[in-house]
Amino acid sequence: MSPSVRLQEMIRVIRGARTQGEERGVIQRECAAIRAQFRQADNGTRSHNLAKLLYVHMLGYPAHFGQMECVRLIASPRYNEKRVGYLGAMMLLDEKQDASLLITNSIKNDLSHSSQYVQSLALCTLGCMGSAEMCRDLAPEIDRLLRASNSYIKKKAALCAVHIVRKVPELGELFTPASRSLLSEKNHGVLHGAVVLITELCERNPETLEQFRKAVPELVQIMKGLVMSGYSPEHNVAGISDPFLQVRILRLLRILGRNNETASDAVNDLLAQVATNTDSSKTAGSAVLYETVLTVMDIKSESGLRVLAVNILGRFLLNNDRNIRYISMTSLQKIVQTDHNAVQRHRGTIVDCLKDQDASVKRRALELSLALVSAVNIRSLMKELLLFLSSCPPELRAHTTSGIFNAAERYAPSQRWHIDTILHVLTTAGGDVRDETVPNLIQLITTATELHCYTVHKLYRALIADISVQSLVQVACWCIGEYGDLLLRGECEETEPVQVAEDDVLDALETVLQSHMSSPATRGFALTATMKLSTRITHNVDRIRSIVSIYGSCIDVELQQRAVEYNALFKKYDHMRPGKTLGPNYRLFMTFVSHSHPPQSVQLQMKAPSGDVIPAHGLGQVTQTVLLNNPNKVSLKMRVRVCYTSQDFVCQDTVQIDSFPSPAW
């Protein structure tokens, strides 16, 4: 059986293995045979054995014992053996292997070989695995080949020079003169290699970048020739003349025009020409247009050109290829802050991408939609985002809720709209909101004084409907505890009036306390709300006392501590509770508060009232001293609720005091 067939036979047997163990057995036998033949004198089969070993390496099995055989074959005068040896060196050797240094001299000799194909093998190998030391030794040879007359060799030498510059950046100056001369070549392969090399040089050295800015007109002419040239079967790809070279030139022009008015002005007309004359129906044309857009956005381009670039990205959004839609939205995301109005024109298309089946496209559409929210479109765009939230994948919910909250906080047209939006999010995806959502919403409700009645009614209805969403339940409990009297009053201009009894409210809070779905934090909110209601209701104080006392022996330490403290309040200050009268006189009870959550800069201390009975007929008064420390001179407001009983008739009134003397603030 001939050696070439032996390789094919080995591949056939390996592929025919039914188990991994059987495959390993075949490879172990073959590797043992290859080792034995490597030890023998040259019998003409070395290249075939190394070829088999390279296939074994491609399958992921150890093949390091073939490294020295690569060195031997590279030194061979026969092209077939030299070719396999160089291929083995590129696959089995790297700069960390000592054996790589042994081929330096062979590469140097082959770079001066009479055959262009042998020179090409040496150039490819050096460009693939050449170490920094090898690059320093052979860089002069590469510079010589860059000036050769053979286009095939110049193309390979340019790409090898790119590897050398990446390994040893200071050698870039050596290749600068030769790389500039390569731009006059007609061969597209040489031009491509030259543009890649110049790009690498410009990115690594500001001085070189300044030198090559003088070559912008030359690059523009090359690009115009590609755009306006007729059909060329040698370079045509889907109707586009050499899109690979076009993309490389556009990328280089972007680097040269960045932060430079002169270079940018020289490129503007070309970019407009490319944008209007390139067909985007094929992938090749889309690639060129995409690179054009990136260049327009990165240089100092004209405003009309930037609008044209955004419109190109807008057309990409309608493409059937999801990859093109994805890169379009990625690019729009980068420019939405600088060209917001231009991107806004494509808002409808972007929102439609929220319905895309591809998860990555959906995520990009979400990020871009959130970036497009403004005071002008907040209502319409928020409807789309809330609709998306109701059906979005679980992995996007947290990001969606966070984005909606941020947008609502920045652009809310009214406090009621703001509160409604957050409550909608909590109802839809309350389990995916951030921890700070609850205190932020509480602060918002507190400041919206005129909406307290509306909010407490809405949250009470939400609590009755569902107690599984912990964040929503916590806010509802807090609101009922603070504004339960407004709920019991049953009068609300903002919403349909609902008559709620004291027992109904306590039933709802007790359900939260007893539910297995309630977290310890949620039970804490519910217990505190229950305790607060003891000052806002008149007929169920004993029931509240009973509820609170149960949790004095709760297994949760914090809940137990709260219950014990609340029980102590019942015992110590029960005489101040409204509902108990002393003869014909007025029994008075006052919950002076400056704010539900006073600013941290304001310190508040309330002294005990001078009494709890006001004699009839104005024959006496009750006073209470409030000490305020207000170093930052914050504007002060105080809400006072007065509850009193006269001759078994219970009265309650709430007033707000705004006219504090100026020294207080």
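Rules used throughout
Residues numbered from 1 in each chain as written. Predicted model: local features only at pLDDT ≥ 70, side-chain atom pairs only at ≥ 80, totals over all residues. Heavy atoms only, no water. UniProt positions renumbered as here; feature names shortened; annotations may be inferred. Helix = DSSP H or I, 4+ residues; strand = E, 2+ residues; numbered from the N terminus. Rg over C-alpha atoms; globule rule 2.2 N^0.38 Å. Buried < 20%, exposed > 50% of the residue type's maximum accessible area, 1.4 Å probe, protein only. Areas by Shrake-Rupley, 256 points an atom, 1.4 Å probe, with all protein chains shown as cover. Phe/Tyr/Trp six-rings, centres within 6.5 Å; stacked < 30°, edge-to-face > 60°. Lys NZ or Arg CZ within 6 Å of the ring centre and 35° of its normal. Axes fitted to C-alpha atoms, helices over the stretch in contact; angles between N-to-C directions. Left-handed = near helix turned anticlockwise from the far one by under 90°. Contact = heavy atoms within 4.5 Å. Nonpolar A, V, L, I, M, F, W, Y, C, P; charged D, E, K, R; others polar. Patch = residues over 30% accessible without salt bridge, like charges linked within 9 Å, V, L, I, M, F, W, Y side chains within 5 Å. Salt bridge = Lys/Arg side-chain N within 4 Å of Asp/Glu carboxyl O. Lys, Arg positive; Asp, Glu negative; His and termini not counted. Charge placed at Lys NZ, Arg CZ, Asp CG, Glu CD. Parallel < 35°, antiparallel > 145°, perpendicular 65-115°, else oblique. Polar contact = N/O pair within 3.5 Å; in protein donor to acceptor, adjacent residues only side chain to side chain. Expected span 1.5 Å × (residues − 1). pLDDT = per-residue confidence, 0-100. Disulfide = S-S within 2.5 Å. Arc of directions from axis to C-beta.

The chain carries the name AP-1 complex subunit gamma in an unreviewed UniProt entry, which gives Oncorhynchus kisutch as its organism. Within the UniProt record for the chain, the comment given under Sequence similarities (unreviewed entry) is "Belongs to the adaptor complexes large subunit family."

Another point: the overall build of the chain. Each helix and strand in the chain was counted, giving 31 helices and eight strands. By the compact-globule yardstick of 26 Å for 665 residues, the chain is too spread out, its C-alpha radius of gyration being 40 Å. Its C-alpha atoms give the chain principal-axis dimensions of about 125 × 65 × 45 Å. By the burial criterion, 48% of the 665 residues in the chain qualify as buried. About 32,800 Å² of surface is accessible on the chain, with carbon and sulfur atoms providing 51% of the total.

With the rule as written, the count across this model stands at two aromatic pairs. Aromatic side chains tryptophan 478 and tyrosine 483 sit 5.7 Å apart centroid to centroid with 85° between the ring planes, which places their arrangement in the edge-to-face category. Cation over ring: arginine 416 sits above tyrosine 454, and NZ or CZ is 4.1 Å from the ring centre.

The residue alanine 272 is located in helix 15 (residues 261–277) in this model. Considering only alpha carbons, one finds alanine 272 and leucine 305, 33 residues apart in sequence, at a separation of 6.7 Å.

Between helix 14 (residues 243–257) and helix 15, whose axes approach to 9 Å, the crossing angle comes to 150°. Along this stretch, helix 14 crosses helix 15, giving a crossing that reads as left-handed. On helix 15, the residues that touch Leu250, Leu253, Leu256 and Gly257 of helix 14 are Ala263, Ser264, Val267, Leu270 and Leu271. Taken together, the residues of the contact of helix 14 with helix 15 break down into seven nonpolar, two polar and no charged.

A few words on a negative patch on the surface. A contiguous patch of negative charge on the surface is contributed by Glu261, Asp265, Asp269 and Glu302. With respect to the helices, strands and loops of the structure, aspartate 269 is situated in helix 15.

On the surface, Leu604, Met606 and Leu628 cluster together to form a nonpolar patch covering roughly 210 Å² of accessible area. A residue is classified by how much of its surface remains accessible, and methionine 606, at 34% relative accessible area, is partly exposed.

With that out of the way, let us pick up the environment of alanine 263. Along the polypeptide, alanine 263 turns up in helix 15. Linking alanine 263 and lysine 214, residues 49 residues apart in sequence, is a C-alpha distance of 8.4 Å. Setting aside residues no more than four positions away along its own chain, alanine 263 makes contact with Val216, Leu256 and Gly257.

Right, let's get into the pattern of salt bridges. Summed over all chains, the structure comprises 32 salt bridges. Residue aspartate 339 is joined to arginine 306 by a salt bridge in which the shortest nitrogen-to-oxygen separation is 2.9 Å. Residue aspartate 339 is found in the loop between helix 18 (322–335) and helix 19 (340–344), and its partner arginine 306 is found in helix 17 (residues 303–316); the two are separated by 33 residues along the sequence. Aspartate 339 gets classed as buried once you look at its relative accessible area, which sits at 13%. Look at arginine 306 and you get buried, because its relative accessible area is 15%. Through salt bridges with shared partners, one network takes in Asp503, Asp507, Glu510 and Arg543.

Below, the discussion takes up the packing of helix 27 (residues 470–489) against helix 29 (residues 520–533). Contact pair helix 27 / helix 29: the axes reach a minimum separation of 8 Å and the direction vectors enclose 10°. By the angle class used here, helix 27 and helix 29 are roughly parallel. Once helix 27 is placed against helix 29, the crossing between them reads as left-handed. Where helix 27 abuts helix 29, its residues Gln470, Val473, Gln474, Cys477, Trp478, Ile480, Gly481, Glu482 and Gly484 lie against Ala521, Thr522, Phe525, Ala526, Ala529, Lys532 and Leu533. Split by residue class, the contact of helix 27 with helix 29 holds nine nonpolar, five polar and two charged.

What follows covers the side chain of serine 331. By the element assignment, serine 331 lies in helix 18. Of the residues examined, serine 331 reaches a relative accessible area of 3% and is grouped as buried. Polar contacts involving the side chain of serine 331 include one to the main-chain carbonyl oxygen of isoleucine 327, which spans 2.9 Å. Discounting residues that sit within four places of it in the chain, serine 331 has contacts with Tyr290, Leu294 and Leu313.

Turning our eyes to something else, we now look at helix 22 (residues 378–389). Taking 1.5 Å as the rise per residue, helix 22 with 12 residues should run 16 Å; its terminal C-alpha atoms sit 16 Å apart, in good agreement. Against the buried residues of helix 22 lie helix 20 (347–352), helix 21 (359–372), helix 23 (394–411) and helix 24 (415–429).

Our focus in this paragraph is unusual backbone geometry. The phi angle at alanine 238 is positive, at roughly 55°, despite the residue not being glycine. The topology assignment puts alanine 238 in the loop between strand 1 (236–237) and strand 2 (240–241). Look at aspartate 242: it is not a glycine, yet its phi comes out positive at around 45°. Among the secondary structure elements, aspartate 242 is positioned in the loop between strand 2 and helix 14. On the basis of relative accessible area, aspartate 242 is assigned to the buried category, the value being 10%.

On to the confidence of the model for the chain. For the chain, per-residue confidence averages 86 on the pLDDT scale, and 92% of positions sit at 70 or higher. Counting interchain partners and residues more than four positions distant, the pLDDT-below-50 stretch residues 579–590 has 44 contacts.

Our focus in this paragraph is the state of the cysteines. Summed over all chains, the structure comprises zero disulfides. Take cysteine 124: it sits in no disulfide, and the sulfur closest to it among the cysteines is that of cysteine 160, at 8.5 Å. This cysteine, cysteine 477, is not joined by any disulfide, and cysteine 479 carries the nearest cysteine sulfur, 10 Å off.

In this section: helix 30 (residues 541–550). Buried within helix 30 are the following residues: Val541, Ile544, Ile547 and Val548. Along the long axis of helix 30, the arc covered by the buried residues comes to 120°, so they all point the same way. Turned more than 90 degrees away from the buried face of helix 30, the exposed residues are Asp542 and Ile550.

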